[in-house]
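Listed below are the residues making up each chain.
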Amino acid sequence: MKVAPIPENESERQKSLESMGILSTPRDPELDRITRLAERIFKTEFTAISLLDGDRQFFKSRVNLSASETSRDISFCGHAIMHDAPLVVGNAINDERFSDNPLVAGAPHIRSYVGVPLSNAEGFKLGTLCIIDSKTRNFSDSEIETLKDLAHWVETVLALRYTERSQKQLLADLDAAHRDVMIDSLTGVWNRRGLEELLAREMSSSRIKGGSAGIFMLDIDHFKKVNDSYGHLIGDKVIQGIAAIMSSSLRDHDIVGRFGGEEFVCILPGLRLEQTMYLGYKLCDTVRDQCRVSDMNGNPVQITVSVGATWISNESTGQYEPHDILRIADEALYEAKESGRDTVRYRALDTFGSLDDLKG
């Protein structure tokens with residue numbers, strides 16, 4: 001028997017799987033519907049959706065399999081995720097990788113197997129949709145293509161479940177160590193890593209469900225002067241004040257984070273393109289009106305922000321990564337700062353959303 005190999009990117013693959021939050025959720029009726037359908041189509045004894053989690057093979061959905069998981073090292077699916085094409089085994093007894101495998105020599109006495117690798121939006125292979133039988137069997141090209149279609153359905157369902165998870169659910173899922181590395185310690189809002197994670201979710205959701213979102217990058221105007229004139233203690237209060245203002249003035253499902261230094265990012269799901277500039281100026285007005293910080297002598301410190309904006313939709317996100325979107329928003333922010341500050345500039349993705357669209 002050949003032990004199931006471990007991918008070179010296993011650490012990244014495992015983190016990506018864990019970030020989706022699909023390991024500890026209840027049985028999913030939609031996934032169960034797919035495995036039942038696969039059993040009826042192929043008339044095999046066993047059908048499963050497997051996820052390779054650490055040293056185990058976990059069955060997210062299964063038909064006629066009594067065990068909810070097996071050791072990963074003896075799993076057929078551990079071999080299947082090493083390739084893009086389906087793994088097809090017509091007779092495991094004659095296959096040197098599996099001939100003395102405990103799942104072949106003992107229950108469930110596997111003889112034939114087909115597993116289609118399942119990938120997420122980041123391109124990592126999570127596990128397989130597989131059909132298994134205790135009888136030897138040859139599978140036609142047509143049958144394999146049908147299983148691949150069903151596997152694509154599974155991928156879509158998993159992606160939807162991932163994007164449906166809210167910020168609060170994500171926070172609840174994070175243990176203390178992970179929470180510490182995704183939350184900004186000064187302000188209590190998301191940090192750069194958390195923002196990129198949540199932006200990736202919004203982009204995936206947009207691709208699947210046809211949604212949209214406005215992306216805003218804010219920079220505190222003349223912040224160096226604030227620090228030099230009033231000290232870093234006042235500077236920290238300004239940063240904390242702006243984080244609190246944005247968190248309280250936006251909707252519960254809007255995303256606010258500190259990108260670094262004096263820069264913030266706001267992600268507003270569901271925003272229409274024609275609303276983008278209005279919301280950008282609204283952010284400027286809100287900070288100008290509500291950020292009330294005093295110096296050591298009790299005198300008010302006037303604070304404004306510059307805003308760079310862009311907009312994503314299902315028509316554009318497939319060609320961009322989160323860091324690309326943030327870069328474009330940052331370029332718009334630079335234009336706002338060059339234009340005199342306390343203002344908003346919009347930069348479209350190359351594929352969609354011009355200034356003319358905003359006017360119209």
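Residues numbered from 1 in each chain as written. Predicted model: local features only at pLDDT ≥ 70, side-chain atom pairs only at ≥ 80, totals over all residues. Heavy atoms only, no water.

Per an unreviewed UniProt entry, the recorded name for the protein chain is Diguanylate cyclase with GAF sensor, and the organism is Thalassospira xiamenensis.

1. Re the overall build of the protein chain
Put simply, the rule reads: Counting from the N terminus, the helices are DSSP H or I runs at least four residues long and the strands are E runs at least two residues long. Throughout, exposure labels follow a simple rule: accessible area from a 1.4 Å probe, protein chains only, divided by the maximum for the residue type, with under 20% read as buried, over 50% as exposed, and the rest as partly exposed. To measure how exposed things are, a 1.4 Å probe is used in the Shrake-Rupley method; for residues, cover is taken only from the protein chains shown. In this tally, Lys and Arg are treated as positive and Asp and Glu as negative; His is ignored, and so are the chain termini. One atom stands in for each charge, and that atom is NZ of Lys, CZ of Arg, CG of Asp or CD of Glu.
Broken down by element type, the protein chain carries 13 helices and 13 strands. By principal-axis analysis of the C-alpha atoms, the protein chain measures approximately 85 × 45 × 30 Å. Counting the 360 residues in the protein chain, one finds 51% classified as buried. When the accessible surface of the protein chain is summed, it comes to about 16,800 Å², and 48% of that surface belongs to carbon and sulfur atoms. Here the protein chain contributes 42 positive and 55 negative side-chain charges, whose respective centroids are spaced 3 Å apart.

2. Quick notes on the packing of aromatic side chains
Ring pairs (aromatic) are described by centroid distance and by the angle formed between their planes. Going by this rule: Centres within 6.5 Å make a pair out of two Phe, Tyr or Trp rings, where for Trp the six-membered ring is used; the pair is then stacked when the planes are under 30 degrees apart, edge-to-face when over 60, and tilted otherwise.
Evaluation of the coordinates by the stated rule reveals two aromatic pairs. An aromatic cluster of at least three residues, connected via ring pairs, comprises Phe 76, Phe 98 and Tyr 113.

3. Some thoughts on the pairing of strand S6 (residues 125–133)
Within a regular strand, the side chains alternate between the two sheet faces. The line we're drawing: Two strands make a pair as long as DSSP finds a minimum of two bridges between them.
Within S6, nine of the nine residues are buried, which leaves the element mostly enclosed by the surrounding structure. Bridging between strand S1 (residues 46–53) and S6 involves six bridges; their strand directions are antiparallel. Bridge pairing in S6 places Ala 48 opposite Cys 130. Looking at chain direction, strand S5 (residues 112–119) and S6 are connected through eight bridges and run antiparallel. The residue of S6 that forms the bridge with Ser 112 is Asp 133. The hairpin turn running from S5 into S6, its antiparallel successor, is five residues long, and Gly 123 in that turn takes a positive phi close to 90°.

4. A look at the UniProt feature "domain: GGDEF" (unreviewed entry) in the protein chain
For clarity, the threshold we go by: UniProt positions are given in the numbering used here, feature names are shortened, and annotations may be inferred rather than shown by experiment.
With numbering aligned to this structure, UniProt lists the feature "domain: GGDEF" (unreviewed entry) at residues 211–349. Spanning residues 211–349, this segment combines 42% helix with 27% strand, and its end C-alpha atoms are found 16 Å apart.

5. Describing the sheet that holds S5
Rule in force here: Axis definition: a line fit to C-alpha positions, over the contact stretch in the case of helices; interaxial angles, taken between N-to-C directions, run 0 to 180 degrees. Contact definition: two residues touch when any of their heavy atoms are within 4.5 Å.
In spatial order, the strands read S3-S2-S1-S6-S5-S4; together these six strands make up an open sheet with antiparallel pairing. Each of the sheet's edge strands pairs with one partner strand only, and the pair in question is strand S3 (69–71) and strand S4 (87–89). Sheet twist, expressed as the average angle between the axes of neighbouring strands with direction ignored, equals 25°. The sheet contacts of helix H1 (residues 10–19) involve S1 and S6, and relative to S1 the element is tilted by about 115°. Most of the contacts of helix H2 (residues 29–42) go to strand S2 (residues 56–63), to which it runs at about 70°, and overall it touches S1, S2 and S6.

6. Quick notes on helix H9 (residues 223–230)
Note the threshold: In this context, the arc is that of the directions from the helix axis out to the C-beta atoms.
Taken residue by residue, H9 has Phe 223, Val 226 and Asn 227 as its buried positions. Within H9, the buried residues cover an arc of 95° as seen down the axis, which keeps them to one side. Residues Lys 224, Lys 225 and Asp 228 are exposed on H9 and point more than 90 degrees away from its buried face. Residues of H9 that are buried sit in contact with strand S7 (212–220) and helix H10 (232–249).

7. Quick notes on the pattern of salt bridges
The criterion, for reference: Put simply, a salt bridge is a Lys or Arg side-chain nitrogen that is within 4 Å of an Asp or Glu carboxyl oxygen.
Counting across every chain of the model gives 23 salt bridges. When salt bridges with common partners are traced through the structure, they connect Arg 327, Glu 331, Glu 335 and Arg 347 into a single cluster.

8. Quick notes on the domain arrangement of the protein chain
When the parts come together, some accessible area is lost, and that loss is often what is quoted as the size of the interface. Rule in force here: Start and end positions for the domains come from either an automated domain assignment or a database one. Accessible surface is computed with a 1.4 Å probe, and the buried area is the amount of it that two parts give up when combined, taken over both parts together. Contacts described as polar in this section are N or O atom pairs within 3.5 Å, which, within protein, must combine one atom able to donate a hydrogen with one able to accept it, while residues neighboring in sequence count only if both atoms come from side chains. Asp, Glu, Lys and Arg are counted as charged, while Ala, Val, Leu, Ile, Met, Phe, Trp, Tyr, Cys and Pro are counted as nonpolar; the rest, among them Gly, fall into the polar class.
Structurally, the protein chain comprises domain 1 (9–167) and domain 2 (183–358). Relative to domain 2, the C-alpha centre of domain 1 lies at a distance of 41 Å. Facing the 10 residues of domain 1 at the interface are 13 residues of domain 2. For the domain 1 and domain 2 pair, buried surface summed over both sides reaches about 950 Å², with 53% attributable to carbon and sulfur atoms. Taken together, domain 1 and domain 2 are joined by zero residue pairs in polar contact (both at pLDDT 80 or more). Here the side of domain 1 that touches domain 2 gets five residues from one element, more than from any other, and that element is helix H5 (residues 141–163). Its residues placed into classes, the side of domain 1 that touches domain 2 shows four nonpolar, four polar and two charged.

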